[in-house]
Amino acid sequence: MRFFVFIFIVLWYTPLSAQYNNQWILGNAILDFNTNPPGWTDRQMPVLLFGEARASVCDEQGQLLFATEGYQVIDRNSNPMPNGVGLSGGFGTTSCTQGALIVPIPGQKDQYYVFSLTSIENEQNAGRLYRSRVDMRLNNGLGDVVASEKSVLVDSGFTESLIAVTGDQCNIWVVLRFRADGTFRSYEITDAGMNALPVISPSGIVNHFHILLGALTPSPDNRSILACSAHPGGGGIETFEFDRFTGRLSNPRLVDTSMAYYSGCFSPDGSKVYAMPYYLFGSGVYQFDLRQATPSESRVRIAEGGVFEKINLGPDGKVYFRYPYATNQISVIPYPNQAGFSCGLVSAAFTAADNVHGNFPNVISFVRRDTASPGRQQLDAPCFASVGAVTLQPLADSMSWGHEWSDGSNQSFLEPVRPGTYWVRYYTPPCRLHTDTFHLSFPGGILPAITTTASCPGASNGQAYAATYPGDTVAYRFTWFRDSIPLLQGDTLRGISQGAYRVRVQTPSGCDTFLSFYIGVEDVRVAFTVSDTLACEGDTLYFRNTSSAYFTQFLWDFDDRSTGDGMNEEHVFQRAGQYRVRLTGAGAVCQDTAYAVVVADAQETLSYSLPEASACAGQALSFLPDSGRYVRTLAWYVDGQLLLEAAPEPQWTHAFAAPGIFPVTLRAAYRACPESNYADTVHIYGFPKVNLGPDSSLCMRETALLLRNWETNPEGDYYSLWNTGDTSEMIRVAAPGNYALTLVHRKGKCAGTASIVLYKGCVADIPNAFSPNGDGYNDHFFPRPLLSREVLHLHFVVRNRWGQVVFETRATEGRGWDGTFNGKPQPEGSYMYQVALQFRNGEPEAYQGNVTLLR
């Protein structure tokens, strides 16, 4: 049985909690609503609070706390707060329609947000919204702006409209309009602070190019928003429905577009709108009846004057505006719910002694927390109540939120399964806390729960038990059946095999039902996992038991003469090999066995050998690795560079391109064991360079020619072997022929060979050597024996070993070559000469050969 309580809430305008708005700062003067009728206070505020932007806030007793025009904050003693200047990022706000807004932070006592909106005069910096936090506990209770939360830029690109609207979940919405497209941005403020991500709503009916100026105003019930739009090109008035739960504006309704409007407000019952035009379109205060199908047709000019200023609904439910314009007089509409002139306009109802200038303040929206009367409900559950049979719901569940049940759950309902007392705390809009209590009894009993234990395979050891809830005092009668055959009575059935069963449950009050259940076969699976099935000898392996909870005793056999009886085990295999690990589990009746194969590898001695201890550059050298059978790959490094990584092979061959001493490292990678290295060095020797010079001619009867190696080799142990059988470094030859020199490195056995051919090329006795050392003997080289035969023409050329001409002459007279080239002495060595001549009594003849320059 369910009980439903409906609560109807009637909304009307009331000043009972309006003390936050009880003092309006109007230039030097303060209009005080703490008295009826309101009057002027003796306190004066500084002239700094002028212009269009204005906001002030009072405490819960209606006493002024502070005021702001968006740029600075003035405390209740009319002094700027110490850190309260420059809240708008250094940009102006006083010329902004709604450039200042104060919002009490919900759930945070003495904490207030101050919002500053920059005016259109700031050009590219117009429409910037800043947020600062005022803490009234600072500055000896006079309040100050928290330094870390001062001038926080929220966003930019807004019009001059800025209001706060009380939400439906102990929250407040700050609403602005986006200048580029007329869309709305709603920022939520809760106990946790301000959500930086806004809710975006579409634009309205009025051309969004005309929305630059004009005020937004919430209705007294915060469910509608009045939007005034003003621009030199036009404007209008429209209303929007406001969803206090989501912060969205919707369903725009056009009120009037015959002129641009600067500000407006609702009547207390929300049926009328009062608006003041933008000064370019006239003056006055106009009333519109929202109950009319076309509100513009109901327009009535209630008052003359009134231009470019705010018109406000006061805390006393009356409408206020300054009239005549630019005076110290305030006019009032005492009955704003009445149509037309029945609203009872009173012109110049209040006259201040001090200057009254600037707009009326932006209205303060606040969260009022109250507590509803406790709700109570008595419920009796039906026979054999179970989960879902009884549903508890908040007694005022319409739009409720923030549920907290006595069992700790946060859902909107509760389905209890046992008798007792339950309570729930929750909120209803806008911020009312409820506490409901439910007393639940189960006179027909609570449906028992049947718990079963499966049987082992091939056995009859299953059982079933009828469990009642603690605190259930009903006397139950249980009769157990298999098919239609009764077995026994009582709350427990033992020794049964796999199959389908039923139990009849009866109570003294006449409740009677059957419950079906099934006895299955016990899952007797024993299982375990191992941290690794391939390990290195000496490593610790972890064996984790994943067997069914049925098993209570275990025996481990690690196949190396080691055992264990723990739930989980750690084990070290000390030797390489393959092991079949066994786990046996035993329960009350059943047992099972599981196996796993584990392989343990070994890290073996690593080395390599060389059939030859050394080699010559470019010759292949064989490396013979000794790595063992557990190696996965071998990697060869020469001088730190990886040259080969592959599966083990009996031999690796490598040729070194250059001579030197090279470190060769062999690295073994195992399947499971850490890598190991072996390193040694290899000596590589270079091939000797041998050069005997170019082939030459040997004149008969001349001095023997000196043959030697003209190449320079690195220092080392070399020996020479001539094809003549000579082993000296140089030899002298006097006969033409083919001469060869082999130079051999004694350690590396690297050999280099070169040969030279000496031809029988001349019949004249041309010197084969000269020594230009200045001793006056044999200092020049010249074919003088040939010139003694009356030479008609001569061309004599000497070239070095690279073929470069170092001396040339055509003169038959002279001293010949002095062993220099371009004035520089030439090195000792063999030089080739060529002689072309013509004798007077014969044909042209040519000679060539080698001459040795000695130093």
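Since the structure is predicted, the reported quantities are computational estimates derived from the model, not experimental observations. (Residues numbered from 1 in each chain as written. Predicted model: local features only at pLDDT ≥ 70, side-chain atom pairs only at ≥ 80, totals over all residues. Heavy atoms only, no water.)

Moving on, we get to the overall build of the protein. Helix and strand counts for the protein come out as 1 helix and 70 strands. Expected size for 855 residues packed as a compact globule is a radius of gyration near 29 Å; at 56 Å, the protein overshoots this value by more than 25%. For the protein, the spread of C-alpha atoms along the three principal axes comes to 160 × 100 × 55 Å. When the 855 residues of the protein are sorted by exposure, 48% land in the buried category. Put simply, the protein shows about 40300 Å² of open surface, and 49% of that area lies on carbon and sulfur atoms. If the 62 positive side-chain charges of the protein are averaged to one point and the 80 negative ones to another, these points end up 1 Å apart. (Helix = DSSP H or I, 4+ residues; strand = E, 2+ residues; numbered from the N terminus. Rg over C-alpha atoms; globule rule 2.2 N^0.38 Å. Buried < 20%, exposed > 50% of the residue type's maximum accessible area, 1.4 Å probe, protein only. Areas by Shrake-Rupley, 256 points an atom, 1.4 Å probe, with all protein chains shown as cover. Lys, Arg positive; Asp, Glu negative; His and termini not counted. Charge placed at Lys NZ, Arg CZ, Asp CG, Glu CD.)

Glancing now at the pattern of salt bridges. Throughout the structure, instances matching the rule amount to 18 salt bridges. Arg 369 serves as the salt-bridge partner of Asp 191, at 2.7 Å between the closest nitrogen and oxygen. Of the two residues, Asp 191 is situated in the loop between strand 15 (184-190) and strand 16 (193-194) and Arg 369 in the loop between strand 29 (346-351) and strand 30 (370-371); the sequence distance between them amounts to 178 residues. Using a relative accessible area of 39% as the deciding quantity, one classes Arg 369 as partly exposed. Measuring nitrogen to oxygen at the nearest pair gives 2.4 Å for the salt bridge that ties Arg 322 to Glu 309. Note that Arg 322 is positioned in strand 27 (residues 319-322) and Glu 309 in the loop between strand 25 (300-303) and strand 26 (312-313), a separation of 13 residues in sequence. Taking the relative accessible area as the measure of exposure, Glu 309 reaches 4% and is therefore buried. Here the salt bridges share partners, and the residues they tie into one network are Asp 168, Arg 223 and Arg 244. (Salt bridge = Lys/Arg side-chain N within 4 Å of Asp/Glu carboxyl O.)

The next subject is the nonpolar core. One broad trend across soluble globular proteins is that nonpolar side chains are buried collectively. Ranked by size, the top nonpolar core spans 23 residues in total, and within it Leu 621, Phe 623, Trp 636, Phe 656, Val 664, Val 682 and Ile 684 carry the most contacts. Of all the secondary structure elements, the ones that give two or more residues to this core are strand 52 (620-626), strand 53 (631-638), strand 56 (660-670) and strand 57 (676-685). Looking at which element gives the most residues to this core, the answer is strand 56, with 5 residues. With near-sequence residues (within four places) excluded, Trp 636 lies in contact with Tyr 608, Phe 623, Pro 625, Gln 641, Leu 642, Leu 643, Leu 644, Trp 652, Val 664, Thr 665 and Leu 666. (Core = buried A, V, L, I, M, F, W, Y, C linked by side-chain atoms within 4.5 Å. Contact = heavy atoms within 4.5 Å.)

Position of Arg 746 among the secondary structure elements: in the loop between strand 62 (737-745) and strand 63 (751-759). Residue classification places Arg 746 among the partly exposed residues on the basis of a relative accessible area of 40%. Measuring from C-alpha to C-alpha, the distance between Arg 746 and Ser 201 comes to 97 Å, with 545 residues separating the pair along the chain. Those residues in contact with Arg 746, other than ones at most four positions away along the chain, are Asp 717, Tyr 718 and Tyr 719.

This next bit is on the sheet that holds strand 35 (residues 449-453). Strands belonging to one sheet form pairs held by backbone hydrogen bonds; the direction of such a pair is parallel or antiparallel. An order of 35-36-39 is seen for the 3 strands of this open sheet, with the pairing classed as antiparallel. Strand pairing shows two members of the sheet lacking a second neighbour, strand 35 and strand 39 (492-496), which therefore form its edges. The sheet shows a mean angle of 15 degrees between the axes of neighbouring strands, direction not considered. Pairing between strand 35 and strand 36 (residues 462-467): 5 bridges, direction antiparallel. Across the sheet, the residue bridging to Ala 449 is Ala 467, located in strand 36. (Pairing = 2+ DSSP bridges. Axes fitted to C-alpha atoms, helices over the stretch in contact; angles between N-to-C directions.)

Let us now look at the pairing of strand 14 (residues 172-178). Counting buried residues along strand 14, 7 of its 7 residues qualify, which places the element largely inside the surrounding structure. Residues Ile 172, Val 174, Leu 176 and Phe 178 of strand 14 are buried on one face, and the alternating residues Trp 173, Val 175 and Arg 177, pointing to the opposite face, are buried as well. Between strand 13 (residues 158-166) and strand 14, which follow one another and run antiparallel, lie 5 residues, and Cys 170 among them has a positive phi close to 55 degrees. Bridge analysis of strand 14 against strand 15 gives 6 bridges, and the strand direction is antiparallel.

Further remarks concern unusual backbone geometry. A cis amide bond links Asn 36 to the next residue, Pro 37, at an omega of 0 degrees. Position of Pro 37 among the secondary structure elements: in the loop between strand 2 (29-32) and strand 3 (39-40). The amide bond that connects Pro 429 to the next residue, Pro 430, takes the cis arrangement and shows omega of -5 degrees. A positive phi angle, close to 50 degrees, is found at Ala 348, a residue other than glycine. With respect to the secondary-structure elements, Ala 348 resides in strand 29. Despite not being glycine, Phe 384 shows a phi value in the positive range, around 45 degrees. With respect to the helices and strands, Phe 384 occurs in the loop between strand 31 (375-380) and strand 32 (401-405).

With respect to the secondary-structure elements, Asp 436 resides in strand 34 (residues 432-441). Along the backbone, Asp 436 and Leu 138 are 298 residues apart, and their C-alpha atoms lie at a distance of 40 Å. Beyond its immediate sequence surroundings of up to four residues, Asp 436 is in contact with Gly 375, Pro 394, Leu 395, Ala 396, Tyr 422, Trp 423, Val 424 and Tyr 426. Polar contacts involving the side chain of Asp 436 include one to the main-chain amide nitrogen of Leu 395, which spans 2.8 Å. Side chain to side chain, Asp 436 and Tyr 426 meet in a polar contact 2.5 Å long. (Polar contact = N/O pair within 3.5 Å; in protein donor to acceptor, adjacent residues only side chain to side chain.)

What follows deals with the sheet that holds strand 4 (residues 55-58). As summarised here, the arrangement of the 4 strands in space is 4-5-6-7, forming an open sheet in which the pairing is antiparallel. Of all strands in the sheet, those bounded by a partner on one side alone are strand 4 and strand 7 (80-85). Pairs of neighbouring strands in the sheet enclose a mean axial angle of 15 degrees, with direction left out of account. Two strands pair when backbone bridges link them, and strand 6 (residues 72-75) and strand 7 are joined in this way by 2 bridges, in the antiparallel orientation. Of the residues in strand 7, the one forming a bridge with Gln 72 is Val 85.

A few words on the state of the cysteines. Where two cysteines share a covalent bond between their sulfur atoms, that bond is called a disulfide. Applying the stated criterion to the full structure yields 5 disulfides. The residue that forms a disulfide with Cys 456 is Cys 590, at a sulfur-sulfur distance of 1.3 Å. Every disulfide takes its handedness from the sign of the S-S torsion; for Cys 456 and Cys 590 that torsion is -130 degrees, giving left-handed. Of this pair, Cys 456 sits in the loop between strand 35 and strand 36 while Cys 590 sits in the loop between strand 48 (577-586) and strand 49 (591-601); the two residues are 134 residues apart in sequence, bridging distant segments of the chain. A single burial state applies to Cys 456 and to Cys 590, both of which are buried. At a sulfur-sulfur separation of 1.6 Å, the disulfide partner of Cys 616 is Cys 750. The S-S bond linking Cys 616 to Cys 750 shows a torsion near -110 degrees; that makes this disulfide left-handed. With Cys 616 in strand 51 (residues 614-616) and Cys 750 in the loop between strand 62 and strand 63, this pair connects stretches of sequence that are 134 residues apart. (Disulfide = S-S within 2.5 Å.)

A complete count under the given rule lists 41 aromatic pairs for this structure. Between Trp 480 and Phe 517, the aromatic rings sit 5.6 Å apart at their centres with planes inclined by 85 degrees, giving edge-to-face as the arrangement. Taken as a pair, Trp 480 in strand 37 (residues 477-482) and Phe 517 in strand 41 (residues 512-519) lie far apart in primary sequence, 37 residues in all. For the residue pair Trp 480 and Phe 517, the accessibility class agrees, reading buried in each case. The interplanar angle of 10 degrees and the centroid separation of 5.6 Å between the aromatic rings of Tyr 501 and Phe 517 together place this pair among those described as stacked. Here Phe 517 lies in strand 41 and Tyr 501 lies in strand 40 (residues 499-506), a separation of 16 residues in the sequence. The same class applies to Tyr 501 and to Phe 517, which are both buried. Three or more aromatic residues link up through ring pairs in this structure, and these residues are Phe 770, Phe 781, Phe 782, Phe 796, Phe 807, Trp 817, Tyr 831 and Tyr 833. Sitting above the plane of the Phe 481 ring, Arg 502 keeps its charged end 5.9 Å from the centroid. The positively charged end of Arg 801 is found above the aromatic ring belonging to Trp 802, 5.2 Å away from the centroid. (Phe/Tyr/Trp six-rings, centres within 6.5 Å; stacked < 30°, edge-to-face > 60°. Lys NZ or Arg CZ within 6 Å of the ring centre and 35° of its normal.)

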